[in-house]
Amino acid sequence: MIVTIDGPAGSGKSTAAKGLADRLGFEFLDTGAMYRCVAWAVIEKQVDPTDETAVVRVSQQIQITFSDAHVLVNDKEVTGLIRTPEVTEVASVVAQYPGVREELVRLQRDAASGIDIVSEGRDQGTVVFPDAFCKFFLVADPQERARRRHEELQAEGKDVTVDEILEQIYQRDQRDEQRDVAPLKAADDALEINTSILTIDEVLDQLEQTVRERI
Ligand code: C5P
């Protein structure tokens, strides 16, 4: 059984997908982390992110491994390294390239083969798992998304203003929504949930109830 959760940056989908997987006893797949791994390797190898051919080659050469809460690229632990603002920015650039997406979509389908999984990203319900038995699309007001991200960054001791974050979120959404391949959008059969005014437990209750009604 495959459950997909898509949505823009900061809509709360990672927390929701992890929590739902826990409640259902399903595996959890963070596909954004895969694009981040490619971005990290591109930066590490000093490849120009706008050089599509070189970036696609990097995506084909690296080995991405998820082990419990850890992410490895060619056996190097990158769990924290793929969360920097630089990697975040480059991830949404490399995610525009069809060759990179082809490679990662293949890995995502392999990862989900034969298991029950909650898979989270931008194109999980539309492109990667169009036959998923339950699809969600999470949205939240930009101000609220920026406020949440600001809170997270402050907790990590990073000094960025809400307005700067709002601008970054806007840029990233634009790139994700307007790219030619697998743009960010809700699948026709996805249930849309606005998380702005809900607590995480309320979001999880709604997701879990919807899935259980369909099992
Ligand atoms: O979800 P996260 O913020 O970690 O994703 C990082 C970037 O990876 C996104 O901005 C998006 O450009 C890209 N992405 C994607 N397709 C996915 C998951 C993430 O294009 N399924």
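All of these numbers come straight from a predicted model, not from anything done at the bench.

Undergrad: Quick question: what am I supposed to make of the overall build of the protein here?
TA: Across its full length, the protein holds nine helices and eight strands. Relative to its length of 215 residues, the protein is compact, with a C-alpha radius of gyration of 17 Å against a globular reference of 17 Å. Projected onto its principal axes, the C-alpha positions of the protein cover 50 × 40 × 30 Å. By residue count, 47% of the 215 residues in the protein fall in the buried class. Excluding contacts between residues fewer than 6 apart, the proportion of contacts in the protein whose partners are at least 24 apart in sequence is 75%. Of the roughly 10,900 Å² that the protein leaves accessible, carbon and sulfur atoms contribute 46%. Here the protein contributes 24 positive and 41 negative side-chain charges, whose respective centroids are spaced 2 Å apart.

Undergrad: What is the right way to look at the domain arrangement of the protein in this model?
TA: You'll often see interface size given as the accessible area lost when the parts meet. What the domain assignment reports for the protein is domain 1 (1–26 + 117–193) and domain 2 (30–115). Distance between the C-alpha centres of domain 1 and domain 2: 17 Å. Facing the 18 residues of domain 1 at the interface are 20 residues of domain 2. Taken over both partners, the interface formed by domain 1 and domain 2 buries close to 1,500 Å², and the fraction arising from carbon and sulfur atoms is 50%.

Criteria and cut-off values
Residues numbered from 1 in each chain as written. Predicted model: local features only at pLDDT ≥ 70, side-chain atom pairs only at ≥ 80, totals over all residues. Heavy atoms only, no water. Helix = DSSP H or I, 4+ residues; strand = E, 2+ residues; numbered from the N terminus. Rg over C-alpha atoms; globule rule 2.2 N^0.38 Å. Buried < 20%, exposed > 50% of the residue type's maximum accessible area, 1.4 Å probe, protein only. Contact = heavy atoms within 4.5 Å. Areas by Shrake-Rupley, 256 points an atom, 1.4 Å probe, with all protein chains shown as cover. Lys, Arg positive; Asp, Glu negative; His and termini not counted. Charge placed at Lys NZ, Arg CZ, Asp CG, Glu CD. Domains from an automatic or database assignment. Buried area = accessible area lost by both parts, 1.4 Å probe.

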